[in-house]
Amino acid sequence: FAVLSALDAMCSSAGVYFIAADVFGMYGYFFSNLGEFRYEKEAPAAPASSSDSSSSSSSSSSSSSNGEPQAKKAKQQASVSFVSLATAWGARWQAPRRMSRVFPAVQLLQQFQARHGFLPRPNTQADADEMVQEKNNHATQHKMEPTAITDDFIRSVCQNACAEVSPVCAVLGGVCGQEIIKVISANAEPLNNTFFYNALDDEGRVETLTST
């Protein structure tokens, strides 16, 4: 996490977009910091009177029957603000019904790796026990019941944390590709700012994380 956070800070200071993704077994995440990102979106259609509407409808059907191309939809400028990785990762934990439980799991894995230099090893009771204890400590700090994120979930995360499961990688890679296209084309609103994927529950959730 320290390396990613440092890279994010360097990119921000240089005005460069930052995108990161990682997979831990059956779970993964995508994060982006695009600063103040400007893009185009379709402008809302102006309300029309019934007479105008019928006239427009008649004209539209006429042009369509003649094979003429339809007029392009109006566009308008929009913008969205992103936060740094450090700010996003400072978000308070919440119950799974309000926040993906993959977020606490990813934080715990990154902290474990920072302490030991490796991720929790499969079939290693000591690693799983340490992760469960850290989960309970962090949950208390975030004023959340430790049982809101079950011990079994954390142990399942530990069991496969070192694996890179191909279908999970494919999902996260697809999200990365989709968001890169949005950045290049600037004609659609990008995800702001984190996407978490839980393959066991077949769930993907976008979270706008911030420490405030």
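What comes next is a walk through the structure. Computed from a predicted structure; not experimentally measured.

This structure, assessed with the given rule, holds 0 disulfides. Of the cysteine sulfurs around Cys158, a residue in no disulfide, the closest is that of Cys162, at 9.6 Å. The exposure class assigned to Cys162 is partly exposed, which follows from its relative accessible area of 48%.

Turning our eyes to something else, we now look at the nonpolar core. Within the largest apolar cluster, 34 residues are counted, with the highest numbers of intra-cluster contacts made by Trp89, Phe103, Ile154 and Leu209. A total of 7 residues in this core trace back to one element, the largest contributor, which is helix 4 (residues 102-116). Setting aside chain neighbours within four positions, we find Phe103 in contact with Ala88, Trp89, Ala91, Trp93, Phe196 and Leu209. Judged by nonpolar contacts, the second largest core, of 9 residues, contains Val23, Leu172, Val175 and Cys176.

All right, on to the sheet that holds strand 1 (residues 18-24) then. Strand order in the open sheet made by the 4 strands is 1-2-5-6, with antiparallel pairing throughout. Unpaired on one side and paired on the other, strand 1 and strand 6 (203-207) mark the two borders of the sheet. Direction aside, neighbouring strands of the sheet carry axes that sit 10 degrees apart on average. Helix-sheet contacts for helix 7 (residues 166-185) involve strand 1, strand 2 (27-33) and strand 5 (194-198), and the interaxial angle to strand 2 is about 15 degrees.

Of all residues except glycine, most have a negative phi; of all peptide bonds, most are trans. Residue Asn193 follows Asn192 across a cis peptide bond; omega there is 5 degrees. Assignment of secondary structure puts Asn193 in the loop between helix 7 and strand 5. Phi is positive for Lys143, which is not a glycine, with a value near 55 degrees. With respect to the secondary-structure elements, Lys143 resides in the loop between helix 5 (125-141) and helix 6 (151-159). One non-glycine residue with positive phi stands out, namely Asp202, at about 50 degrees.

Moving on: the pattern of salt bridges. Enumeration according to the criterion identifies 8 salt bridges in this entry. Two residues, Arg115 and Glu130, come together in a salt bridge whose shortest N-O distance is 2.9 Å. With Arg115 in helix 4 and Glu130 in helix 5, this residue pair connects regions lying 15 residues apart in the sequence. For Asp127, the salt bridge identified is with Arg121, shortest N-O distance 2.8 Å. Asp127 sits in the buried class, given a relative accessible area of 4%.

Bridge count between strand 5 and strand 6: 5 bridges; the pairing is antiparallel. Paired with Thr194 across the two strands is Glu207, which belongs to strand 6. Counted along the chain from strand 5 to the antiparallel partner strand 6, the turn is 4 residues long, and its residue Asp202 has a positive phi close to 50 degrees.

Criteria and thresholds
- Residues numbered from 1 in each chain as written.
- Predicted model: local features only at pLDDT ≥ 70, side-chain atom pairs only at ≥ 80, totals over all residues.
- Heavy atoms only, no water.
- Disulfide = S-S within 2.5 Å.
- Buried < 20%, exposed > 50% of the residue type's maximum accessible area, 1.4 Å probe, protein only.
- Core = buried A, V, L, I, M, F, W, Y, C linked by side-chain atoms within 4.5 Å.
- Helix = DSSP H or I, 4+ residues; strand = E, 2+ residues; numbered from the N terminus.
- Contact = heavy atoms within 4.5 Å.
- Pairing = 2+ DSSP bridges.
- Axes fitted to C-alpha atoms, helices over the stretch in contact; angles between N-to-C directions.
- Salt bridge = Lys/Arg side-chain N within 4 Å of Asp/Glu carboxyl O.

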